[in-house]
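Examining the three-dimensional arrangement
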Amino acid sequence: MCSNIENDNYNHNGIELWHWQAMSELQKCFGARMEFGTAGLRAAMGPGVSCMNDLTIIQTTQGFCAYLEQCFTDLKQKGVVIGFDARAHPPSGGSSKRFACLAASVLISRGVPVYLFSDITPTPYVPFTISHLGLCAGVMVTASHNPKQDNGYKVYWANGAQIIPPHDKGIAAAIEQNLEPWPKSWDTDGALQSSLLNDPYQDIHREYCKTIQQHCFHRELNKNSEVKIVHTSVHGVGHIFVQAAFKAFDLHPPYAVEQQKDPDPEFPTVKYPNPEEGEGVLTLSFALADQEGATVILANDPDVDRLAIAEKQESGQWRVFSGNELGALLGWWIFQCWKLQKGEGKASIKDVYMLSSTVSSKILRAIAVKEGFHFEETLTGFKWMGNRARELMDQGKNVLFAFEEAIGYMCSPAVLDKDGVSAAAIAGEFVSYLASKNITLSHQLRSIYEEYGYHISKNSYFICHNQDTIKQMFERLRNYDGENSYPKECGGFAITAVRDLTTGYDSNQPDNKAILPTSKSSQMITFTFANGGVATIRTSGTEPKIKYYTELCAAPGNSDLNQLKTELDNLVDAIVEHFYQPEKNNLTPRPE
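These numbers were taken from a predicted model, which means no experiment stands behind them.

Let's shift gears to the pattern of salt bridges. In total, this model carries 32 salt bridges according to the counting rule given. Put simply, Glu-325 and Arg-319 hold a salt bridge, and the shortest N to O gap is 3.0 Å. Its relative accessible area of 18% is what places Glu-325 among the buried residues. For Arg-319, a relative accessible area of 25% puts it in the partly exposed group. In this structure, Asp-394 and Arg-390 form a salt bridge, with 3.6 Å as the shortest nitrogen-oxygen distance. Taken together, the residues span about one helical turn, with Asp-394 and Arg-390 both in helix H14 (residues 382-394) at a distance of four residues. When salt bridges with common partners are traced through the structure, they connect Lys-154, Asp-301, Asp-305, Arg-306, Glu-404, Asp-417 and Lys-418 into a single cluster.

Written out as structure tokens, the structure is:
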């Protein structure tokens with residue numbers, strides 16, 4: 001008898017638990033619609049309005065199309081480009097290709113010409129196509145280096161850069177007004193037969209490779225270089241495009257990591273398909289490099305807009321360069337190449353610009369001050385750098401280079417976004433050039449720091465899924481010593497300035513108002529310290545992370561690197577202890 005009662009209780013409790021789990025899952029899928037922002041959409045593939053699926057793609061594209069119709073009188077003459085990566089989610093039937101075809105179907109149903117790539121392409125090909133063909137806009141279906149279940153919908157404007165306000169709000173409002181599918185939105189078969197459909201794949205691939213050759217300055221040296229380079233595309237789309245870019249520079253093809261060279265939406269050999277995570281993603285690359293006697297590794301993320309580089313040291317250990325270190329190296333190299341070109345009388349230094357995001361290293365500023373070109377800082381994200389680059393180019397300026405610390409580099413103004421394809425080819429030439437002088441990347445980086453001053457950085461993050469905790473943490477910093485009073489010190493490190501780009505406060509400005517655009521929808525505070533340190537704490541737009549970016553900038557001549565590193569470590573420890581309070585706020589540190 002007792003056992004029956006126990007079984008009944010167990011069954012009853014089991015049903016209750018299943019019911020609770022099912023309700024929780026339904027709430028996750030249908031509780032809140034995905035928000036369309038400047039990064040477009042980024043979410044898991046699956047059912048419901050909070051996920052990426054056929055219906056939400058159709059609704060998003062209908063809103064996007066309606067907004068484009070408001071903005072462009074020549075939309076039906078110029079058209080839109082659509083690209084996609086290799087992501088797929090068999091449980092829900094979603095894939096980047098499927099979503100791209102649906103987006104094309106919606107636009108074609110309204111008489112809009114669509115340039116739909118017939119095969120997977122790198123993200124940079126979409127902005128390149130807009131600029132090259134003079135189109136109204138572009139869509140790239142990709143979740144970049146996010147986990148395998150995610151996908152995204154990234155939007156570019158007619159200027160070839162990612163959208164910025166007010167376009168995000170305009171598109172979001174238009175989506176809400178166009179939720180019911182239009183009669184022909186589902187008709188992908190009809191769209192694929194339409195005369196409005198064009199395949200730009202071959203032409204754009206050829207034109208892109210031709211365009212980046214403008215940045216090849218040492219072709220003969222490349223042909224004869226004996227340096228060995230390994231490349232991994234981390235199960236993404238990069239392999240054939242990086243091989244082609246190397247060929248365009250007459251570089252020997254890099255050794256490809258066989259297990260990772262073909263696109264695979266499962267990303268089977270890595271925990272995270274993100275080269276920014278460093279050594280864990282590069283294990284197979286290290287093994288191949290050791291086997292082939294290669295000294296340099298290039299790694300792209302799955303949609304090929306980022307680039308990581310590692311170099312074998314004299315000790316036999318591998319050094320994975322940070323995004324800031326690569327920004328210093330590539331920025332220096334591109335300036336040297338410009339000077340070589342300038343010898344042919346092509347340009348004036350007063351028109352030369354380099355850009356970086358506000359959370360990235362200030363090394364370009366130090367180089368600019370000494371060399372005489374212009375340096376500008378923008379808000380975080382390539383959408384800001386791409387739009388600012390376009391403004392400068394429209395004024396006749398020469399934007400040589402832009403970078404962000406998250407291993408993103410714009411090495412050619414032909415793509416107004418980060419581009420891991422051109423960056424890989426330019427890095428290949430740079431490595432070959434240095435090797436011809438018996439110089440390593442590490443040695444060259446040290447020379448740059450010795451000439452322009454050491455800039456050492458330490459960036460990381462904590463994971464937090466509780467939005468209330470995040471809000472409370474930042475509000476505490478804004479009311480640290482009483483209401484509307486920011487911290488004056490942190491663990492003994494004196495703070496000399498505070499800039500809050502959420503509220504628009506900047507203590508460095510005469511009217512205390514920040515010059516850079518502000519956004520109440522994201523948290524971002526920068527502290528400047530008396531010792532030359534700068535620290536920015538911000539939330540991520542696409543992940544549940546509270547990030548920190550710290551840098552210590554030393555004057556040229558101060559080359560006690562160990563002392564500088566120790567000071568930066570102590571500063572970071574103080575920021576974590578006093579500002580983050582990870583134990584009190586239940587924050588999870590970055591996984592090793």
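Ranked by size, the top nonpolar core spans 159 residues in total, and within it Ile-82, Tyr-153, Phe-401, Tyr-409 and Ile-537 carry the most contacts. Looking at this core element by element, the count peaks at ten residues for helix H12 (residues 323-342). In this view, Ile-82 contacts Ala-100, Ala-103, Ala-104, Leu-107, Val-114, Tyr-115, Leu-116, Phe-117 and Val-139; residues no more than four positions away in its chain are not counted.

As a further point, take the UniProt feature "domain: Alpha-D-phosphohexomutase alpha/beta/alpha" (unreviewed entry) in the protein chain. Mapped onto this structure's residue numbering, the UniProt feature "domain: Alpha-D-phosphohexomutase alpha/beta/alpha" (unreviewed entry) falls at residues 34-178, 207-312 and 324-452. Structurally, residues 34-178 comprises 38% helix and 19% strand, and the distance from its first C-alpha atom to its last is 15 Å. Across residues 207-312, helical content stands at 34% and strand content at 16%; the span's end C-alpha atoms are separated by 34 Å.

Here we come to the sheet that holds strand E17 (residues 408-410). Read from one edge to the other, the open sheet built from four strands follows the order E15-E14-E16-E17, with strand pairing classed as mixed. The open sheet is flanked by strand E15 (374-378) and E17, the only strands paired with a single partner. Neighbour-to-neighbour, the strand axes of the sheet open up by a mean angle of 15 degrees, direction not taken into account. In the sheet, strand E14 (residues 352-357) pairs with strand E16 (residues 398-404) via five bridges, with the strands oriented parallel. By the bridge assignment for E16, Tyr-353 is matched with Val-399. Each of E14, E15 and E16 is contacted by helix H13 (residues 363-371), which is oriented at about 155 degrees to E15, the strand it contacts most.

The next subject is the sheet that holds strand E13 (residues 318-320). Backbone-to-backbone hydrogen bonds join strands into a sheet, with any given pair of strands oriented parallel or antiparallel. Read from one edge of the open sheet, five strands run E10-E9-E11-E12-E13, paired in mixed fashion. With partners counted over all chains shown, the strands left at the sheet margins are strand E10 (255-256) and E13, one partner each. As paired elements, strand E12 (residues 307-312) and E13 share three bridges and run antiparallel to each other. Residue pairing across strands places Glu-311 opposite Arg-319, the latter belonging to E13.

Across all of its chains, the model carries zero disulfides by this definition. Free of any disulfide, Cys-136 has its nearest neighbouring cysteine sulfur in Cys-71, separated by 9.6 Å. Cys-216 provides the cysteine sulfur closest to Cys-209, a residue in no disulfide bond, and the two sulfurs are 12 Å apart.

Between its first and last C-alpha atoms helix H16 (residues 441-452) spans 16 Å; for twelve residues at 1.5 Å apiece the expected length is 16 Å, and the two agree. Among the residues of H16, those classed as buried are Leu-441, Ser-442, Gln-444, Leu-445, Ile-448, Tyr-449 and Tyr-452. Projected onto a plane normal to the axis of H16, the buried residues spread over an arc of 160 degrees and lie on a single side. Trailing H16 by a residue or two, Gly-453 shows a phi angle of about 105 degrees, which is positive.

Attention now moves to the packing of H12 against helix H15 (residues 420-436). The N-to-C vectors of H12 and H15 enclose an angle of 80 degrees; their axes lie 11 Å apart at closest approach. Comparing the axis directions of H12 and H15 gives the class roughly perpendicular. Between H12, through Leu-329, Leu-330, Trp-332, Trp-333 and Ile-334, and H15, the contact on the second element is made entirely by Ile-426, Ala-427, Glu-429, Phe-430 and Tyr-433. The class makeup of the residues in the contact of H12 with H15 is nine nonpolar, no polar and one charged.

What follows is about H15. Helix length check: H15 (17 residues) gives 24 Å between terminal C-alpha atoms against 24 Å at 1.5 Å per residue, within 8%. The buried count for H15 comes to 14 of 17 residues, which makes it a mostly enclosed element. With a side-chain oxygen lying 2.9 Å from the backbone nitrogen of Val-421, the N-terminal cap of H15 falls on Asp-419.

Pro-165 connects to Pro-166 through a cis peptide bond whose omega is 5 degrees. Considering the arrangement of structural elements, one finds Pro-166 in the loop between strand E7 (150-156) and helix H6 (167-176). Its identity as a non-glycine residue notwithstanding, Asp-250 has a phi of 60 degrees, on the positive side. Here Asp-250 lies in the loop between helix H10 (239-248) and E10. Given a relative accessible area of 28%, Asp-250 falls into the partly exposed group. The backbone of Val-304 sits at a positive phi, close to 60 degrees, despite the residue not being glycine. The exposure class of Val-304 is buried, given its relative accessible area of 0%.

Among the seven residues of E7, seven are classified as buried, and the element is accordingly described as predominantly covered. Side chains Asp-150, Gly-152, Lys-154 and Tyr-156 of E7 all project onto a buried face; the interleaved residues Asn-151, Tyr-153 and Val-155 project onto the opposite face, where all are buried too.

Okay, the side chain of Asn-178 next. Here Asn-178 is to be found in the loop between H6 and helix H7 (188-192). Given a relative accessible area of 15%, Asn-178 falls into the buried group. Excluding anything up to four places from it in sequence, Asn-178 contacts Gln-59, Gln-62, Gly-63 and Ala-66.

Turning to the side chain of Lys-547, a few remarks are in order. By the element assignment, Lys-547 lies in strand E24 (residues 545-553). Beyond its immediate sequence surroundings of up to four residues, Lys-547 is in contact with Ser-460, Tyr-461, Thr-536, Ile-537, Arg-538, Ser-540 and Tyr-580.

This paragraph deals with the environment of Leu-282. Tracing the chain through its elements places Leu-282 in helix H11 (residues 279-292). The class for Leu-282 is buried, based on a relative accessible area of 1%. Separated by 206 residues in sequence, Leu-282 and Lys-488 have C-alpha atoms that sit 41 Å apart. With residues near it in sequence (within four places) discarded, Leu-282 still touches Thr-232, Ile-297, Ala-299, Ala-310 and Val-320.

Thresholds, definitions, all that
- Residues numbered from 1 in each chain as written.
- Predicted model: local features only at pLDDT ≥ 70, side-chain atom pairs only at ≥ 80, totals over all residues.
- Heavy atoms only, no water.
- Salt bridge = Lys/Arg side-chain N within 4 Å of Asp/Glu carboxyl O.
- Buried < 20%, exposed > 50% of the residue type's maximum accessible area, 1.4 Å probe, protein only.
- Helix = DSSP H or I, 4+ residues; strand = E, 2+ residues; numbered from the N terminus.
- Core = buried A, V, L, I, M, F, W, Y, C linked by side-chain atoms within 4.5 Å.
- Contact = heavy atoms within 4.5 Å.
- UniProt positions renumbered as here; feature names shortened; annotations may be inferred.
- Pairing = 2+ DSSP bridges.
- Axes fitted to C-alpha atoms, helices over the stretch in contact; angles between N-to-C directions.
- Disulfide = S-S within 2.5 Å.
- Expected span 1.5 Å × (residues − 1).
- Arc of directions from axis to C-beta.
- Parallel < 35°, antiparallel > 145°, perpendicular 65-115°, else oblique.
- Nonpolar A, V, L, I, M, F, W, Y, C, P; charged D, E, K, R; others polar.
- Polar contact = N/O pair within 3.5 Å; in protein donor to acceptor, adjacent residues only side chain to side chain.

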